[in-house]
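Residues per chain, in single letters:
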Amino acid sequence: MKCISVYTNDFEVFSDIYEKVLETPLAENEETQVEGVTVMESGDVPENYLDKMKTKPEVVVMKVKDKDITILQHRNLFEIFIPVNESVVH
């Protein structure tokens, strides 16, 4: 799974920029700003990372079912997990 990190703890801000983040072309480990929020392409993560994080009580798990995207929120970070076989508009 591909991971995109969004550095904010404000759900409203994240919701406002979510679509723009998905449309922003990023190379692996590239960092940029989307409406003043730092966004980073964190590369591929193993499936077990996602499973492990889902079990932690401080982690909020959200699913975008029509796109098979999982979003984790913890501390000042949202992590967007996109299946590698899923093509995102870049």
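Residues numbered from 1 in each chain as written. Predicted model: local features only at pLDDT ≥ 70, side-chain atom pairs only at ≥ 80, totals over all residues. Heavy atoms only, no water.

Concerning the pattern of salt bridges
Side chains that carry opposite charge are capable of pairing whenever their charged atoms lie near each other.
So, point 1. Tallying each qualifying case throughout the model produces four salt bridges.
So, point 2. Between Glu41 and Lys2 there is a salt bridge, with the nearest N and O atoms lying 3.6 Å from each other. A residue pair is termed long-range when its members are at least 10 positions apart, and Glu41 in strand β3 (residues 37-44) and Lys2 in strand β1 (residues 2-7) qualify at 39 residues. Take Glu41 and Lys2: they sit in the same class, and that class is buried.
So, point 3. Residue Lys20 is joined to Glu35 by a salt bridge in which the shortest nitrogen-to-oxygen separation is 2.2 Å. (Salt bridge = Lys/Arg side-chain N within 4 Å of Asp/Glu carboxyl O. Helix = DSSP H or I, 4+ residues; strand = E, 2+ residues; numbered from the N terminus. Buried < 20%, exposed > 50% of the residue type's maximum accessible area, 1.4 Å probe, protein only.)

Details of the sheet that holds β3
So, point 1. Strands sit in the order β2-β3-β1-β6-β5-β4 across an open sheet of six strands; the sheet is antiparallel. Of all the strands in the sheet, the pair left with one neighbour each is β2 (31-34) and β4 (60-64). Mean inter-strand twist for the sheet, computed between neighbouring axes without regard to direction, equals 25°.
So, point 2. Bridge count between β1 and β3: six bridges; the pairing is antiparallel. Its bridge partner being in β3, Cys3 is matched across the sheet by Gly43.
So, point 3. Against the sheet, helix α1 (residues 11-23) engages β1, β2, β3, β4, β5 (69-74) and β6 (77-82), with an angle of about 35° to β6.
So, point 4. On top of the sheet, helix α2 (residues 47-54) reaches β4, β5 and β6; it is set at about 50° to β5, its chief contact. (Pairing = 2+ DSSP bridges. Axes fitted to C-alpha atoms, helices over the stretch in contact; angles between N-to-C directions. Contact = heavy atoms within 4.5 Å.)

Interpretation in functional terms is not warranted from these geometric data alone.
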